[in-house]
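Each chain, written out:
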Amino acid sequence: MTRRSCAIYATGIVCAHLLIVGIALVLAQVFQTMIQSRLKKEITLTEKSQVFEAWKNPPPPVYMEYYFFNVTNPEVFLAGGKASVQQIGPYTYREYRPRENVTFLENGTKVYALNPKTFVFVPEKSAGNPEVDLVRTVNIPLVAVMNELNSYSFLLRSVVSFYLSGLGVDLFMTRTVHEILWGFKDPLLTKIHSLKPEVDEYFGLMWKKNGTHEGEFVFHTGEQNYLDYGKIDTWNGLRKMSWWSSNQSNMINGTDGAVFHPLINKNELLYIFAADLCRSIHLGYVKDVEVKGIQAYRFAPPADVLMSPDNNPTNAGFCVPAGECLGTGVLKVSVCREGAPIVVSFPHFYQADEAYINAVDGLNPQKEYHETYLDLQPTMGVPIRACKRAQLNVILKRVPGFPKTRHINETIFPIMFVNETATIDDDSAAQMRTMILLVTLVSNFPLLIVGMGIILLLVLVVLFCRNRQKKVRSIASLCTSEIIPTVLMFSN
């Protein structure tokens, strides 16, 4: 046997083994199963896991951008016309949110934690100075008082209205952005405080929220089931709420939005419990995106999250009292926030009924600027970019006994909205790209084996053809050197 023949046989044997082994591994999905099992085991909220430290001290910077709606024609609105607003901002703050008092429970299957948030102003990312810039907006303390007195007699409301007029308290107030956000001593609340000391004399949309937390959370670590990784077990000791009008609406579903289980697919709904909204919301797959070289799935709240119960009956549970419902795109949260009739929505009433948008001049909802979304790396379930956008509104309507409201048309009036953003930092993105590459190489190793087998098969074909061609040339040479001279001899 020649050396060429040995090479052909060896190549054929190796090629056959590679193809058989590779195809068998592909069909059995051995490496994919191994990677998935490893991810399910490693991505847990335990002290030894690689993700625990990132969960405890999130590395990506979080920014809170506050935008306000400055009322430009309060007199027109009080006279029964349409209010006009002008958006000002952003006023940006860096948000720090480490987990504190972390304590493992029930043999490491659950973990207790507080999540205090601290805000630091970032002037280079802001449109102005919050301690100087003024904004004219609704006097929320007054609206809260009127709402509280709505069930009392007309005579009492009239007396209170006359007294408040003497104090110079109007339906609209002008304050600095810093005061509206972080608090000021309100003259109306000061008077009430002198009668009822339990009422705070300070008011601010973020009053007492700098350096405080949203409640006590207990999370599932994912030790027992990877699908439970990061899910909330209890919030303030509760497994469900009580202020909504249905059991489904009162459920505390999902995570707090910081982590999600690995191996996410496009067909599932992701649930987040938003303590500031007093409810859980779900997000659905929208499209594939790329963030800093990382492929991700974008999830966003579908239109049915804040849809009217007329179109989505499951939302009827968010009508309190039962049957008293608002339209699409808004949610009344005053049931869990004592005081004024507060309503939340997406910014500029994005995805809301046209009636809410057209009730106030100056609103222009746009998906690019006003949609809430979450970009997730699906293999590990890690958020790599997030934009949480929510708008605070208050219901303004006529209150008998308060003459200044007698001409106004009932309006869900926009106060401000916040754009909370976070994007994975460069170092974490580089580490994730490396990890994804390793996972991809290992999970696709059987395909590499099949590919090598195919390459060797091509080499085998080439060698076989060349060997065949050499034999043909040898025969031809033999004919030329022996047969032709013999013919010539006989011809002579």
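The numbers attached to residues start from 1 for each chain and follow its sequence in the written order. Selection of residues for local features in this predicted model requires a pLDDT of at least 70, selection of side-chain atom pairs for listing and counting requires 80 or more, and totals for whole chains, interfaces and linings are taken over all residues. The side-chain figures draw on all heavy atoms in the structure; neither hydrogens nor water molecules are used.

Under an unreviewed UniProt entry, the chain has the name Scavenger receptor class B, member 2a and belongs to Nothobranchius furzeri. UniProt positions are given in the numbering used here, feature names are shortened, and annotations may be inferred rather than shown by experiment. Recorded in UniProt under Subcellular location (unreviewed entry), the annotation for the chain is "Membrane". Under the Sequence similarities (unreviewed entry) heading, UniProt states for the chain: "Belongs to the CD36 family."

A few words on the overall build of the chain. Broken down by element type, the chain carries 12 helices and 20 strands. Only heavy atoms enter the contact rule, under which two residues are in contact if any of them lie within 4.5 Å. A fraction of 65% describes how many contacts in the chain between residues 6 or more apart in sequence connect residues 24 or more apart. Using a 1.4 Å probe, accessible areas were evaluated by the Shrake-Rupley method; residue-level cover was limited to the displayed protein chains. Surface summary for the chain: the accessible area is close to 25,800 Å², and the carbon and sulfur share equals 57%. Counting from the N terminus, the helices are the DSSP runs of H or I reaching at least four residues and the strands are the DSSP runs of E reaching at least two.

Another aspect to go through is the pattern of salt bridges. A side chain with one charge can pair with a side chain of the opposite charge if their charged atoms come near. The salt bridge criterion pairs a side-chain nitrogen of Lys or Arg with a carboxyl oxygen of Asp or Glu, the two atoms within 4 Å. Scanning all chains against the criterion turns up 18 salt bridges. Two residues, Asp288 and Lys266, come together in a salt bridge whose shortest N-O distance is 3.4 Å. Of the two residues, Asp288 is situated in strand β13 (residues 279-291) and Lys266 in the loop between β11 (232-235) and β12 (270-274); the sequence distance between them amounts to 22 residues. Only protein chains enter the calculation, and the probe is 1.4 Å; a residue is then buried if its accessible area is under 20% of its type maximum, exposed if over 50%, and partly exposed in between. The class of Asp288 is partly exposed, set by a relative accessible area of 42%. Given a relative accessible area of 34%, Lys266 falls into the partly exposed group. Here Lys292 makes a salt bridge to Asp426, at a shortest N to O gap of 2.9 Å. Pair noted here: Lys292 is in the loop between β13 and β14 (294-300) and Asp426 is in helix α11 (residues 426-443), with a separation of 134 residues, a long-range link. The class for Lys292 is partly exposed, based on a relative accessible area of 36%. Several salt bridges converge on common partners, so that one network encompasses Glu95, Arg97, Lys117, Glu214 and Glu420.

This part takes up the environment of Ser126. For Ser126, the location among the structural elements is in the loop between β5 (118-121) and β6 (134-138). Among the residues examined, Ser126 registers a relative accessible area of 16% and is labelled buried. Excluding residues within four positions of it along the chain, Ser126 makes contact with Pro90, Tyr91, Thr92 and Phe121. The definition of a polar contact used here is a pair of N or O atoms within 3.5 Å, where within protein one atom must be able to donate a hydrogen and the other to accept one, and adjacent residues in sequence count solely through side-chain atom pairs. At 2.9 Å, the side chain of Ser126 and the backbone nitrogen of Thr92 are in polar contact.

We call a pair of cysteine sulfur atoms a disulfide whenever their separation is within 2.5 Å. On inspection of all chains with the given rule, the structure shows two disulfides. Each sulfur of the disulfide joining Cys278 and Cys336 lies 1.8 Å from the other. Disulfide Cys278 to Cys336: torsion about the S-S bond roughly 85°, handedness right-handed. Placement of Cys278 in the loop between β12 and β13 and of Cys336 in the loop between β15 (330-332) and β16 (342-345) is noted, with a sequence separation of 58 residues between them. The pair Cys278 / Cys336 is uniform in exposure class, with both members buried. With a sulfur-sulfur separation of 2.0 Å, Cys319 is cross-linked through a disulfide to Cys325. Between Cys319 and Cys325 the disulfide shows an S-S torsion of about 115°. By sign, it is right-handed. Taking relative accessible area as the criterion, Cys319 reaches 4% and is therefore assigned buried. Cys325 gets classed as partly exposed once you look at its relative accessible area, which sits at 36%.

In this model helix α6 (residues 154-166) runs 19 Å from its N-terminal to its C-terminal C-alpha over 13 residues, within 8% of the 18 Å that 1.5 Å per residue would give. All of the buried residues in α6 are Arg157, Val160, Ser161 and Leu164. Mapping the buried residues of α6 onto a view down its axis gives an arc of 105°, with all of them on the same face. Turned more than 90 degrees off the buried face of α6, the exposed positions are Leu155, Phe162 and Gly166. Turning to α6, the residues buried within the fold contact α5 (140-149) and α8 (187-195). A positive backbone phi angle near 80° is found at Gly168, which sits one or two residues after α6. Expected span of a helix, by definition, is 1.5 Å for each gap between consecutive residues, and there is one gap fewer than residues. What the arc measures is the spread of directions leading from the helix axis to the C-beta atoms.

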